[in-house]
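# A closer look at the structure
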Amino acid sequence: MNAIYDFSILTGGIHERLSGLMSPTAVMITEMVIIGTLLIVFVALMGLVLVLAERKVAAFFQLRLGPNRVGPWGSLQTLADFLKLLTKELITTKSADKFLYNLAPFIVMLTPFLALGVIPFAPGLQIMDMNIGVFFITAVSSMGVLGILIGGWASNNKYSLIGGMRSAAMVVSYELSVTLAIMTMVIMTESLSLSEIIASQSDGWWIIKGHIPALIAFLLYLTASTAETNRGPFDLAEAESELTAGFHTEYGGIKFAFFFLSEFVNMLVVASIATILFFGGWMPFHLPFEWAVGFNHIMDFIPGIVWGFGKVTFVIFLMMWFRWTFPRLRIDQILNLEWKYLLPMNLVNFLLMALIALSGFYL
Amino acid sequence: MQAELISKDGTQEYFVNMGPQHPSTHGVLRLVLTLDGEIIKRVEPHIGYVHRSIEKMAEFDTYKQIIHLTDRMDYLSAHMNNEAVALLVENALEIEVSDRVKVIRTIMSELTRLASHQLWWGVMGMDMGAITTFLYAFRDREMINDIMEETTGARLTMNYNTPGGVMFDLHPNFQKQVKEFIKIFKTKLPEYDELLSGNIIFTERTKGIGKLSLADAISFGVTGPSGRASGFACDVRKTNPYSAYDRVNFTEILLVEGDAYARYKARIFEMWESISIIDQLIDNIPEGVIMAPMKAIVKLPKGEFYQRVETARGELGVFVVSDGNKTPYRVKFRSPGFSNLSVLDHISRGHKIADLVAIMSTLDLVIPDIDR
Amino acid sequence: MSTIIAYFKGIGQGLNTLWTGMKVTGYYFFHARKEIITMQYPDNRDTLKIPERFRGRVVMLHDQNNEHACNGCTMCEMACPNGSIKIITDKILNPETGKAVRIIDKHIYHFSMCTLCNLCVQACPSNALAMDNSYENSVYDRSELTFVLNQPGSKIRDNVKD
Ligand code: SF4
Ligand code: SF4
């Protein structure tokens, strides 16, 4: 890997400068504040970009132009929408459970924040390199449903309640598949740390090295995680043609924006994990062959951050493609799909992968 | 089918108001649902939110003027509604319209039917969660609307028929445009199958949902594609041919399953039939006058008159009691939407909320048609 | 065994149908430049083509001498299904014959009530009315939708029969 693209040089430099100025405690606090601010800015920015991207992509799928009035190519449209939502009056419905009603959007928003904390987007561009990163993310990402459930319950609206219950039933089931698909890959990587998983793919991405089980695991992960983010054909928690807006029917203004944004940031998290597990995160495209050294070297000249975000974009595009093509499933079909198809397939795939790993039959 | 109203485990049923403002009731229809969890126990349609008393208004209008009111009933079958009244007056006065008018009316009817089914297909996809279909359907429907606009001067509420003929002659471009549209649409219609009809999610969601037996279809008076999907041979174009339907070859789509998927399929097949009807007629539109000689003031003889036509939604009947004046004494429209809605409760009991949406879209309800 | 085969066949066929759908949307996504059908409405006013028969609003035809063909026969008023037209006539003395002749004073047209049914245009015996192709007709006040169709100072053309 080309060292010039490593962000740890930059972050390390800042750390040393700060250490020279103040006490270690103060350094820690300052760094935390800086990182927190950066993270919030990053999430807000990503949210805006992704919302715009979704609208543009959807428009192109649908033979439309999409937003094109505010800013060049409509690029400021989502910012304008966000400002509009920000200035709207905050309304708490009369019969809502006030505390929970106001709490729900924050819980929903908190999850992707926590998950983003351990995701490396580029060499060195990672807030915290936990040695149980994968475990942490799976644990944290199941919290999001809590917000949806609370929001659906506290709104005191029957549509919201149905949406919340649907979401709970769905996410609880699909957690299994997501985790199993991740575990399948962890067998190969032999590590739970995300940066080590990436490092293990320096000679080729797992989707290439891992044979068919890796491909199946990728498809299973993609399906299950789409469901987990309440998107695409699995968006029946909102199910706009059935439940008007599902769990966030009663939310407006910035609280609605939180729900809305969290969906997109969740998508980013999910896509990043997929990228890390199957496409080597920021790792350039390498071929695991002797003769490919020159090729691998050329690939190294493309910065890791480009690789990282490029691959994330690709996975997100796939998810958008699903969303704008497929009709929505019914709740019992969703659970059928999980328990009768995804889960058994995942288990078999898991075994297969274990066999492959044991026999050392991978490149 | 008839689910028990009290569940065994003692859970409580609850009511949900679906509508009058709801994305999938397509207008201001209010459904009061009795639910047990997600299972529907009862559906009670409350109608009348767009009631404009068209029947009463028609009593004060001359026969020429009534036609423009029928535009606003089932606005997606505006031409067929117009035609019903025009045919009624012509039959009552025993006026023979020219062949040209007959063929024009038939082509226009089929174009309207196509447009209506296209819109329905798009909305159906949207109700099922696939929003993209809506835009694709509108792309194709736009072509028909443009053709309509060119000849009749309006896109939706055409008011093209008058007793004795049609208002304008065909636009010189008409034949060319229609042929071009048919050519394009023949390539686009398979896309409809690829996007929805074949899609596993879609078939899973519609097959076996909302089964309507033949006996029920007849006793509820469900007509149109919805009735024919249950095997009810109710196509007025076949049973009582009007205009030029007796001189074209087309098959009446009859399916046996009677579920939501069959109703869906019936409409897709009907689109192909409509294309074939237009294909047969478009090249030989006979010459002739577009207006039969009529008295300036149309007065129907004393008596009762009934005329039915096949709109995109089913059988539209117009019943007029005349006392010999220039305005009718009483007008009654037998609108297909009303009868089709009546079956909703019967076929959606025991299904889930998501199924209700699917069933409603396959019944293809247009609320102004129900309320009038 | 056959159920297992059916299980996998089901999965395969299901995935195939999904892919078929994705191919359609995918095609349009990657050919968006060619296939986009929406119009940039307020920007394309100049290139917008309105069919000549489009029924935008009822107008009275005037020629360059500011003369129209309406003789105030009120046929259009009677033909209108919703009372959108009100004819106010006047009488003038014909200087040659010395007889009183009916002329139109005001042809009042309530656009707010008009359903654009074209019946008035058809009913007019002297073809004084027509539909124009205007399409941006929204106003801020309802009273702005009431028009007097005969232009001020206009008079009836000579050759119009009564
Ligand atoms: S177009 Fe119809 S509604 Fe409008 S003024 Fe003429 S007759 Fe009346
Ligand atoms: S516009 Fe025509 S129908 Fe109306 S009053 Fe004038 S001449 Fe008569």
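My aim in this report is to walk through the structure given alongside it, one point at a time. (Residues numbered from 1 in each chain as written. Chains lettered and ligands numbered in written order. Predicted model: local features only at pLDDT ≥ 70, side-chain atom pairs only at ≥ 80, totals over all residues. Heavy atoms only, no water.)

All names here are of chain B. The strand order across the open sheet formed by three strands is 6-7-8, and the pairing between neighbours is antiparallel. Unpaired on one side and paired on the other, strand 6 (303-311) and strand 8 (330-334) mark the two borders of the sheet. Sheet twist, expressed as the average angle between the axes of neighbouring strands with direction ignored, equals 15°. The strands touched by helix 3 (residues 78-93) are strand 6, strand 7 (314-322) and strand 8; relative to strand 6, the strand with the most contacts, the crossing angle is about 145°. (Pairing = 2+ DSSP bridges. Helix = DSSP H or I, 4+ residues; strand = E, 2+ residues; numbered from the N terminus. Axes fitted to C-alpha atoms, helices over the stretch in contact; angles between N-to-C directions. Contact = heavy atoms within 4.5 Å.)

Our next topic: the pattern of salt bridges. In this structure the tally under the stated criterion is 43 salt bridges over all chains. With a shortest N-O distance of 2.7 Å, R55 of chain A and D81 of chain A are connected by a salt bridge. Here D81 of chain A lies in helix 3 (residues 77-87) and R55 of chain A lies in helix 2 (residues 24-61), a separation of 26 residues in the sequence. When its relative accessible area of 32% is taken as the criterion, R55 of chain A is described as partly exposed. Judged by its relative accessible area of 26%, D81 of chain A falls in the partly exposed class. Put simply, K102 of chain B and E96 of chain B hold a salt bridge, and the shortest N to O gap is 3.0 Å. Put simply, E110, R113, R228, D235, R237, E270 and E310 of chain B are held in one network by salt bridges that share partners. (Salt bridge = Lys/Arg side-chain N within 4 Å of Asp/Glu carboxyl O. Buried < 20%, exposed > 50% of the residue type's maximum accessible area, 1.4 Å probe, protein only.)

The subject of this paragraph is the interface of chain B and chain A. If you look at the interface, chain B gives 34 residues, while chain A gives 24 residues. Carbon and sulfur atoms supply 60% of the area buried between chain B and chain A, which totals about 2500 Å² over both sides. Here D355 of chain B and R330 of chain A are joined by a salt bridge, their closest N and O atoms 3.0 Å apart. Connecting chain B to chain A are 10 residue pairs in polar contact (both at pLDDT 80 or more). (Buried area = accessible area lost by both parts, 1.4 Å probe. Polar contact = N/O pair within 3.5 Å; in protein donor to acceptor, adjacent residues only side chain to side chain.)

Lining the immediate surroundings of ligand 2 are 13 residues, of which C70, C73, T74, C76 and C124 of chain C lie closest. Class assignment for the residues of the shell around ligand 2 results in eight nonpolar, five polar and no charged. (Near = heavy atom within 4 Å. Nonpolar A, V, L, I, M, F, W, Y, C, P; charged D, E, K, R; others polar.)

The environment of ligand 1 is formed by 14 residues, the closest being C80, N82, C114, C117 and C120 of chain C. Its residues placed into classes, the shell around ligand 1 shows 10 nonpolar, four polar and no charged.

Residue and element names in this part refer to chain A. In this model helix 7 (residues 158-189) runs 46 Å from its N-terminal to its C-terminal C-alpha over 32 residues, within 8% of the 46 Å that 1.5 Å per residue would give. Of all 32 residues that make up helix 7, 23 are buried, and the element is covered over most of its length. Capping the start of helix 7, N157 holds a side-chain oxygen 2.7 Å from the backbone nitrogen of Y159, two or three residues further along. Immediately downstream of helix 7, the backbone of E190 shows phi near 60°, a positive value. (Expected span 1.5 Å × (residues − 1).)

Pairing in this open sheet of three strands is antiparallel, and the strands run 1-2-3 (chain B) from one edge to the other. For this open sheet the edge positions go to strand 1 (14-18) and strand 3 (39-46) of chain B, each flanked by a neighbour on one side alone. Across the sheet, the axes of successive neighbouring strands diverge by a mean angle of 25°, strand direction being ignored. Relative to strand 2 (residues 30-36) of chain B, strand 1 of chain B runs antiparallel, the two sharing five bridges. Its bridge partner lying in strand 2 of chain B, Y14 of chain B is registered against L35 of chain B. Contacts between helix 7 of chain A and the sheet are confined to strand 1 and strand 2 of chain B, with strand 1 of chain B contributing the most and set at about 105° to the helix. Strands strand 1, strand 2 and strand 3 of chain B of the sheet are contacted by helix 14 (residues 353-363) of chain B, whose axis makes an angle of about 145° with strand 2 of chain B.

The next thing to look at is the interface of chain C and chain B. Each side of the interface is counted separately: chain C has 26 residues, and chain B has 31 residues. Interface of chain C and chain B: buried area, both sides summed, is about 2300 Å²; carbon and sulfur atoms make up 57% of it. When the buried surface of chain C facing chain B is broken down by residue, Y28, R53 and R55 of chain C rank first, second and third, together holding 28% of it. If you look at where chain C meets chain B, you find zero salt bridges. Summed over the shared surface of chain C and chain B, the number is 16 residue pairs in polar contact (both at pLDDT 80 or more).

Residues and elements named next belong to chain B. Two elements, strand 2 and strand 3, share seven bridges in a ladder whose sense is antiparallel. The residue bridging T34 from the neighbouring strand is R42, located in strand 3. Hairpin connection of strand 2 to strand 3: two residues between the antiparallel strands, including G37 at a positive phi of 65°.

Below, the discussion takes up the packing of helix 2 of chain A against helix 3 of chain A. Residues and elements named next belong to chain A. Where helix 2 contacts helix 3, the axes come no closer than 8 Å and their chain directions differ by 120°. Considering the relative orientation of helix 2 and helix 3, their crossing is right-handed. Taken together, the residues of helix 3 that come into contact with helix 2 (itself represented by L48, V51, L52 and R55) are Q77, T78, L79, D81 and F82. A breakdown of the residues in the contact of helix 2 with helix 3 according to their chemical character gives five nonpolar, two polar and two charged. (Left-handed = near helix turned anticlockwise from the far one by under 90°.)

Let us now look at helix 2 of chain A. Taking 1.5 Å of rise per residue, 38 residues should cover 56 Å, and helix 2 of chain A covers 53 Å from first to last C-alpha, within 8% of that figure. Within two residues after helix 2 of chain A, L63 of chain A carries a phi angle of roughly 60°, on the positive side.

As far as function goes, none of this settles anything; it's purely spatial.
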